[in-house]
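Structural characterization, general
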Amino acid sequence: MVGAHLGSLASGDLATRCRQGRDHDADTWAARKRELTARSSSRWAGSITKATHDQWALARRSQAAHLHKLQAGIRMLEHRLSLPLGEKGTKRAPGGYRTRREWHAKSRRLACLKDRLAQVRQDWEAGIVHVVRGGKRLLNARHHLEQAQLTEADWRNRWEAGRFFLQADGESGKRYGNETIRLTPDGRVSIRLPAPLEYLANAPHGRYVLSCRVAFAHRGAEWADRVEANRAVAYRIHLDVERGRWYITASWTRPKARALPLAAARAKGVVGVDMNADHLAAYRLDPHGNPVGDPERFSFDLTGRAAHRDAQVRHALTGLLHWTQRTGVQAIAIEDLDFATGKTREKHGRRKRFRQLISAMPIARLRARIVSMAAEFGLAVVAVDPAYTSKWGARHWAKPLHSSTRTMTRHDAAAVAIGRRALGHPIRRRTAPPRHHRSDGGGPRTVQTEPGSLGREGPRRPATERAHDARGRAGEERTRGTSASSTVRDARSDSRWAQHPLLHTE
């Protein structure tokens, strides 16, 4: 009853805010809050108006992103339509269309995009946004119940549950950090009822105490420390219709992570990470840019529901961060990718599989999550230019690092290239010296080792000699020589022979 009542107030407040458009100011906000206070409470009114503003601002940002996407598509279509048929493109821009039929179809699409752009631009200038509480997908499912495999009653239950409003921001200094929805350290939940529903209260001061108790399996100790210190905690209560369960979510704001200087972050090396559509390829590099150990791979599956996909990404990043901590480095190097304008069909045309590939990569989600999660682990994140990391990594590092016990893929080599670029080193490996300058006289050096490791330039084991003291000079190893030579020429001597530059004629 509380969720339905507050949900109706939130829906009316959102409609009022959308009608105001760009004419909104502090006075109109205060007027809306005063109107809601009489029908709920001051704290509930503050939560509702804040949620309304957040939802309107999100719709406004989405509208701006849609506007920029339409403009990018129109520019690309106009460029390709201006080129002759069959003209080849470059690495930076595609060429002309192949046939006259395709050119005609794209010209019609250009007209459609221009019409959509005019409508979106008109709404943007007027401050009109299109938003619905409960979600557009659930709203459209009402007209396609068979495809959604829902009955009208099931859809109605989900629709009403999606439009409930049961969330309240915390206040530092108040009891247990929140006066509206209060959770005690032992898990008891109480809700401050709105004014029309205060007759349902079972506790003093118009509060309703739930009979059940809750517990947080994730970060429960951290939550308990906050509520015991009366620090602000925000709560949200929602209903899962499929499972028939109520859930409560706690959230709080963490202090801003201290930025680590770049030199300090690279002091112990980095872990280069190559982001792909189904896995993260990681490789550890020392401060000199040398690969250490074997590559690691953290896979995830992006099929199924949004909650499943989000959990898969979070699980892969958790494994990456734990492995990074074990290696001892303090920074993770990632690519600064952005496919916002690069995955449209106007740019790639018939390359449908490539567009599906880059569209499936959760770049924004991975980038946002890895920054926030790395701050919790005390790790720094270094973003590098993604240009040619896969191509140059495969050219310079895939073959040298490949061995009988290590299989190097193109993604592993790209992780090495990303790490070297983050350390400030060129991606290309060090040029091998001339053949006659190599101490071993063999092929080129295959791997750059650490400064302290013993390799081809290191000391050699004592060689066996045929002399009377060979066993003593060679240590405990057996030698082939069992006795000293019987000739004067082969006898061992400590003196050095030298020839005088001038002959003595006396």
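Described in the following lines is the structure provided in the data block. Every chain begins its residue count from 1, and numbering advances along the sequence as written. Residues qualify for local features only when their pLDDT is at least 70, as the model is predicted, and side-chain atom pairs are given and counted only at 80 or more; totals for whole chains, interfaces and linings, by contrast, use all residues. With hydrogens and water stripped out, all remaining heavy atoms of the structure feed into the side-chain values.

**What to know about the side chain of Asp123**
- Here a helix means four or more residues in a row that DSSP labels H or I, a strand means two or more in a row labelled E, and each is numbered from the N terminus. Its place among the elements puts Asp123 in helix 4 (residues 100-126).
- Although Asp123 is buried, it forms no salt bridge, and the closest oppositely charged side chain is Arg60 at an N-O distance of 8.7 Å.
- Apart from residues lying up to four places away in sequence, Asp123 is in contact with Arg60, Gln63, Ile128 and His130. Summary of the burial criterion: residues with accessible area below 20% of their type's maximum are buried, those above 50% are exposed, and those between are partly exposed, where the area comes from a 1.4 Å probe applied to protein chains only. The positive count covers Lys and Arg only, the negative count covers Asp and Glu only, and His and the chain ends enter neither. Salt-bridge detection follows one rule: a side-chain nitrogen of Lys or Arg within 4 Å of a carboxyl oxygen of Asp or Glu. Whether two residues are in contact is decided by their heavy atoms, any of which lying within 4.5 Å being enough.

**Topic: the sheet that holds strand 1 (residues 167-168)**
- Between any two strands, at least two bridges found by DSSP are needed for them to pair. Reading across the sheet, the three strands line up as 1-5-6 and stay open at both edges, with antiparallel pairing between neighbours. The open sheet is flanked by strand 1 and strand 6 (245-251), the only strands paired with a single partner.
- Note: strand 1 against strand 5 (residues 234-240), two bridges, orientation antiparallel. Along strand 5, the bridge assignment pairs Ala168 with Tyr235.

**Remarks on a positive patch on the surface**
- Like charges within 9 Å and nonpolar side chains (Val, Leu, Ile, Met, Phe, Trp, Tyr) within 5 Å are joined into patches, using only residues over 30% in relative accessible area that form no salt bridge. In these tables, accessible area is a Shrake-Rupley quantity obtained with a 1.4 Å probe, and a residue counts as shielded only by the protein chains included in the view. Each charge is placed at NZ for Lys, CZ for Arg, CG for Asp and CD for Glu. Together, Lys91, Lys391, Arg395, Arg410 and Arg428 line one region of the surface with positive charge.
- Tracing the backbone shows Arg428 in the loop between helix 16 (410-422) and helix 17 (470-473).

**Some words on the packing of helix 14 (residues 389-396) against helix 16**
- Angular values range over 0 to 180 degrees, each being the angle between N-to-C directions of two axes fitted as lines to C-alpha atoms, with helices fitted over their stretch in contact. The N-to-C vectors of helix 14 and helix 16 enclose an angle of 105°; their axes lie 7 Å apart at closest approach. Judged by the inter-axis angle, helix 14 sits roughly perpendicular to helix 16. Contacts from Thr389, Ser390, Lys391, Trp392, Gly393 and Ala394 of helix 14 reach helix 16 at Arg410, Ala413, Ala414, Ala417, Ile418 and Arg421.
- Split into classes, the residues belonging to the contact of helix 14 with helix 16 amount to six nonpolar, three polar and three charged. Orientation is classified from the angle alone, with under 35 degrees giving roughly parallel, over 145 giving roughly antiparallel, 65 to 115 giving roughly perpendicular, and any other angle giving oblique. Charged residues are taken to be Asp, Glu, Lys and Arg, nonpolar residues to be Ala, Val, Leu, Ile, Met, Phe, Trp, Tyr, Cys and Pro, and polar residues to be all remaining types, Gly included.

**Digging into the sheet that holds strand 3 (residues 188-192)**
- Taken together, three strands build an open sheet; the order of strands is 2-3-4 and the sheet is antiparallel. If you trace the sheet from one side to the other, it starts and ends with strand 2 (181-183) and strand 4 (207-213), each paired once. Each strand axis lies, on average, 20° off the axis of its neighbour in the sheet, ignoring direction.
- Of the strand pairs in this sheet, strand 2 and strand 3 are connected by three bridges, and their pairing is antiparallel. Its bridge partner being in strand 3, Leu183 is matched across the sheet by Val189.

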